[in-house]
Amino acid sequence: MAAEYVLDNIQLNPTDFVLDFGCGKHGGVSKSLLQHVSRIISSDVELDAVNKLNTRFKDQGLISSEAVAVLNSELESKYSDYFDLAVAGLVFHHIEDDQQFAEIQLIYRLLKPGGKLAIIDLQKQEEMNINGIDIDKLNDRVQAAGLDISVSQRWRRVKLPSKKKAYLHVIVATKPA
């Protein structure tokens, strides 16, 4: 779903370097965007997810200059001011509230000047017991990290595995040039 939003709403260039932040073991965003950009770096906090995704990339014949998965903890030492776009698809609702700002600051440091951050995530709906992101808090954190928000909107209604229906919210922000 995150890749769908990006492909429909954010202009990608064949020379772009993209970060799939919180890729998980499937790397759906990475796989969907790779054919549109120069390079994808997929990151996750779990070593198992990174190893599984690297195996998938290798099995698909992708060379490491096109796609590689790394631990989040390795990102800053290798990729500061590197990415044209960072995509966090269904990630922030998994990050503890008190850690979200630190993760946004990390992404800020990884983006090139003029680079964009796209967050696509579940919107918190207490009345339905849906543990999503608090939109106001996340918008405040994105701005406090130094990013300029151009989009913050409800995007789509989706059915969760629990059969509940939830809304996805999109935030797109740019690192000043």
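The model shown is predicted, which means the values in this text are computed figures rather than measured ones.

Enquirer: Which residues make up the nonpolar core, and what values go with them?
Expert: In summary, soluble globular proteins display a tendency toward joint burial of nonpolar side chains. In this structure, Val-6, Val-18, Leu-33, Leu-85, Val-87, Ala-118 and Ile-120 are the most contacted members of the largest nonpolar core, which totals 31 residues. Contributing elements (two or more residues each) for this core: α1 (2–9), α2 (28–33), α3 (47–59), β3 (67–71), β4 (83–89), β5 (111–122) and β7 (165–174). Counting residues in hydrophobic clusters, the runner-up holds 29 residues, among them Val-91, Leu-117, Leu-147 and Ala-173.

Enquirer: Tell me about the sheet that holds strand β1 (residues 17–21), and please be specific about residues and values.
Expert: Read across the open sheet, the 7 strands follow the order β3-β2-β1-β4-β5-β7-β6; overall the sheet is mixed. Edge positions in the sheet fall to β3 and β6 (148–159), since each of these pairs with one other strand and no more. Direction aside, neighbouring strands of the sheet carry axes that sit 20 degrees apart on average. Two elements, β4 and β5, share 6 bridges in a ladder whose sense is parallel.

Enquirer: A description of unusual backbone geometry should follow, citing residues and the corresponding values.
Expert: Residue Asp-81 is not a glycine yet carries a positive backbone phi of 50 degrees. With respect to the helices, strands and loops of the structure, Asp-81 is situated in the loop between α4 (72–79) and β4. Positive phi, normally seen in glycine, also occurs at Lys-163, with a value near 80 degrees. Note that Lys-163 resides in the loop between β6 and β7.

What counts and what doesn't
- Residues numbered from 1 in each chain as written.
- Predicted model: local features only at pLDDT ≥ 70, side-chain atom pairs only at ≥ 80, totals over all residues.
- Heavy atoms only, no water.
- Core = buried A, V, L, I, M, F, W, Y, C linked by side-chain atoms within 4.5 Å.
- Buried < 20%, exposed > 50% of the residue type's maximum accessible area, 1.4 Å probe, protein only.
- Helix = DSSP H or I, 4+ residues; strand = E, 2+ residues; numbered from the N terminus.
- Pairing = 2+ DSSP bridges.
- Axes fitted to C-alpha atoms, helices over the stretch in contact; angles between N-to-C directions.

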